[in-house]
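# Structure assessment
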Amino acid sequence: MRQATSKAAANRRQVLSLTAGIALLAGVTTAHAQSTGIVACDDFLTKYDACVVSKVPEAQRAMYKTQIDQTRKAWVDMAKNPSAKATMEATCKQTLDATKASLTAYGCSF
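Residues numbered from 1 in each chain as written. Predicted model: local features only at pLDDT ≥ 70, side-chain atom pairs only at ≥ 80, totals over all residues. Heavy atoms only, no water.

## Observations concerning the packing of aromatic side chains
Taken as a whole and judged by the stated rule, the model has four aromatic pairs. Ring centres of Phe44 and Tyr48 lie 5.6 Å apart, and the angle between their planes is 50°; this geometry places the pair in the tilted category. Of this pair, Phe44 and Tyr48 both sit in helix H2 (residues 39-55), separated by four residues, roughly a single helical turn. Seen in terms of ring centroids, Phe44 and Trp75 are 5.6 Å apart; in terms of plane orientation they differ by 55°. Their pairing is tilted. Residue Phe44 is found in helix H2, and its partner Trp75 is found in helix H3 (residues 58-79); the two are separated by 31 residues along the sequence. On the basis of relative accessibility, which here comes to 3%, the residue Phe44 falls in the buried class. An aromatic cluster is present here, built from Phe44, Tyr48, Tyr64, Trp75 and Tyr106 joined pairwise through their rings. (Phe/Tyr/Trp six-rings, centres within 6.5 Å; stacked < 30°, edge-to-face > 60°. Helix = DSSP H or I, 4+ residues; strand = E, 2+ residues; numbered from the N terminus. Buried < 20%, exposed > 50% of the residue type's maximum accessible area, 1.4 Å probe, protein only.)

## Some details on the confidence of the model for the protein
For residues with low pLDDT, the predicted coordinates do not support detailed interpretation. Overall, the predicted model of the protein reaches an average pLDDT of 78, with 70% of residues at or above 70. The model gives residues 9-32 a pLDDT under 50, and that stretch makes four contacts with residues more than four places away or in other chains. (pLDDT = per-residue confidence, 0-100. Contact = heavy atoms within 4.5 Å.)

Next comes the structure, spelled out in structure tokens:
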């Protein structure tokens, strides 16, 4: 009986740890998924992030993640300015075109 109670307690701890981990991961995913409000920009950011997560070697991933986080923040901030927002679609498309070539080395396709 004592062993069964001990196993049940251990299982509860594992479930709680897993739940906490999932909640933490959801918070990170939400931060990365912040929308710019510009379809072309959000499309680029989603594709870039998917490429980095699935294709870029782990040793280099942090650098790419930092770049995409900085780009996302800059674009979200720019989208708040109506005059900048008007030109952002073209800027994001140009960024996509310029980035395609550098990420094809990892097998990414946009």
